[in-house]
Each structure stands twice: as C-alpha cells, then as structure tokens.
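# Coordinate analysis (summary)
Chain by chain, the residues:
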Amino acid sequence: DGGITQSPKYLFRKEGQNVTLSCEQNLNHDAMYWYRQDPGQGLRLIYYSQIVNDFQKGDIAEGYSVSREKKESFPLTVTSAQKNPTAFYLCASRDLGETGELFFGEGSRLTVL
Amino acid sequence: DAKTTQPPSMDCAEGRAANLPCNHSTISGNEYVYWYRQIHSQGPQYIIHGLKNNETNEMASLIITEDRKSSTLILPHATLRDTAVYYCIVRVPYSGGGADGLTFGKGTHLIIQP
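The present account deals with the structure reproduced in this document. If you're wondering where the values come from, they're calculated on a predicted model, not measured in any experiment.

A word on the pairing of strand β6 (residues 54–57) of chain A. Residues and elements named next belong to chain A. Across 3 bridges, the pairing between strand β5 (residues 43–51) and β6 is antiparallel. Note that in β6 the partner of Ile-51 across the bridge is Asp-54. Where β5 hands over to β6, the hairpin turn is made up of 2 residues, of which Asn-53 adopts a positive phi near 65°.

Tallying the contact residues gives 23 residues for chain B and 24 residues for chain A. Carbon and sulfur atoms make up 49% of the surface buried where chain B meets chain A, a total of about 1,900 Å² over both sides. Taken together, the connections running from chain B to chain A amount to 0 salt bridges. In this assembly, chain B and chain A are joined by 5 residue pairs in polar contact (both at pLDDT 80 or more). Residue assignment for the side of chain B that touches chain A shows that the elements contributing at least two residues are β3 (32–38), β4 (45–50) and β8 (84–91) of chain B. Tallying contributions element by element places β3(B) first for the side of chain B that touches chain A, with 4 residues. For the side of chain B that touches chain A, a count of residues per class yields 11 nonpolar, 9 polar and 3 charged.

The rules behind these values
Within each chain, residues carry numbers counting from 1 in the order of the written sequence. Throughout, the order in which chains and ligands are written sets their labels, letters from A for the former and numbers from 1 for the latter. Selection of residues for local features in this predicted model requires a pLDDT of at least 70, selection of side-chain atom pairs for listing and counting requires 80 or more, and totals for whole chains, interfaces and linings are taken over all residues. Water and hydrogen atoms were dropped before computing side-chain values, which therefore reflect all heavy atoms in the structure. We call two strands paired when DSSP finds no fewer than two bridges between them. Secondary structure follows DSSP: runs of H or I at least 4 residues long count as helices, runs of E at least 2 residues long count as strands, and numbering of each begins at the N terminus. Contacts were defined at the residue level, with two residues in contact if any of their heavy atoms lie within 4.5 Å. As a working definition, buried area equals the accessible area (1.4 Å probe) given up by two parts on being put together, with both sides summed. Salt bridge, as used here, is a side-chain nitrogen of Lys or Arg placed within 4 Å of a carboxyl oxygen of Asp or Glu. The term polar contact refers here to a pair of N or O atoms within 3.5 Å; inside protein, the definition further demands a hydrogen-donor-capable atom paired with an acceptor-capable atom, and it admits residues adjacent in sequence only when both atoms are side-chain atoms. Three classes are used: nonpolar for Ala, Val, Leu, Ile, Met, Phe, Trp, Tyr, Cys and Pro, charged for Asp, Glu, Lys and Arg, and polar for all others, with Gly counted as polar.

The structure is reproduced here in structure tokens:
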C-alpha cells in the first residue's frame, strides 16, 4: 500500500541530545513537509522540500535540520538548540500539481526529559 | 494565503448531518478552500477541496457561498468516528517555486454525541 511512514512513533530523549525522526513515502511525491503540533494547537511548518537536494525553511525552522538525499526520504533532526522540543511531529507529502492535497504520516511524539 | 475563522467546537447527534462553518472573507479569486480532519493523535486526513462550485465526494460535501467569503463542510450522516478536529484552509494553487506548505489553524473540534 502507498503511504507515508514515520518512525519512531514515540521517542524519549534527555535534554541536550540530538534526535532524528524518520519519514519515508512511496507515493512518488515530489514535495515533503515537516510540521510541529503542540497540545490544543494547529500545525506549524518547520521545513519543506520540493525537490531532491533542496529544502526551504518554514515558519519555525530554528533548532531543526533536514536533508533530502532521496525523493522518498525526508528525515528531521531536532537539535539541542531547539528550546522546547517536546511535541508531536508530522510528516507530509504531496504531488506538485496545482491543487495536490497533503498526505500525512501517523506522527512521531517526542518527549524530552 | 487568506485567513480563516472557525468555531472552536461543535456538537452533533449521531446520525444527523454535521455542518461545519468557515469564514474566509479575505479570500482572493484564485484561492481554493481545503478541508482536513485530524482524529486524536493521528495525522490529518484530506477531506475535500473546491474553488467556486459546490463539491461532493464519498466523505462530505462542500458548500461555498456565491461571494466565496464563507463555506460549510457537511458530513451527511455523522458517526462517532467522525469526532475529530476539522481544519478549513484557503490557499492559492501551487505554481512552481516560491513559498509552499499549508497553514493549519486550531480548527473546529467536532464531537459526535451518541
């Protein structure tokens, strides 16, 4: 089945450690996105990529880094510079047609102790 | 992209039609209206989108007013599984390059009552 796979689903880390969240899609979508969601809030865009080896900052990129070495993969690293890393992280992808809708993964919940 | 306004929460009885309103009074002529929903602790799911005409698919109907300043998402026979946060978003179609990524506000928490 086609879709987006995020891993791990739950992750606990100590303060000061870098963490990498995985996102893989087999939908052959050009564009991929990372969003952050805090309790009771909407989604905020961290980074997005429209093509391999290129990516752009979203609204809250500070403290995060990404790479796009393959079309199907868009990992997100939460660095120690991110002040409040505990959150629900969502990866999405879409076709770059005019009205291509977003397809989301199931999310990764990161808790920093 | 135009800003949207949605009520924070709504209740609906199981089996009845759920009508979720969205105001987008600053929408421009080429901006589409999208609806997504998010069941607790899951990724959002696309429901439907439209430009001017009313749209219907297997999940829902989208009614857009003639002046396009507001829209209503209709779930015709709500079930308990429709309990979720529903997001209304407006955006221009992607035209290559430039900023990208939909903006999700807080949405409407729809609670279906048994």
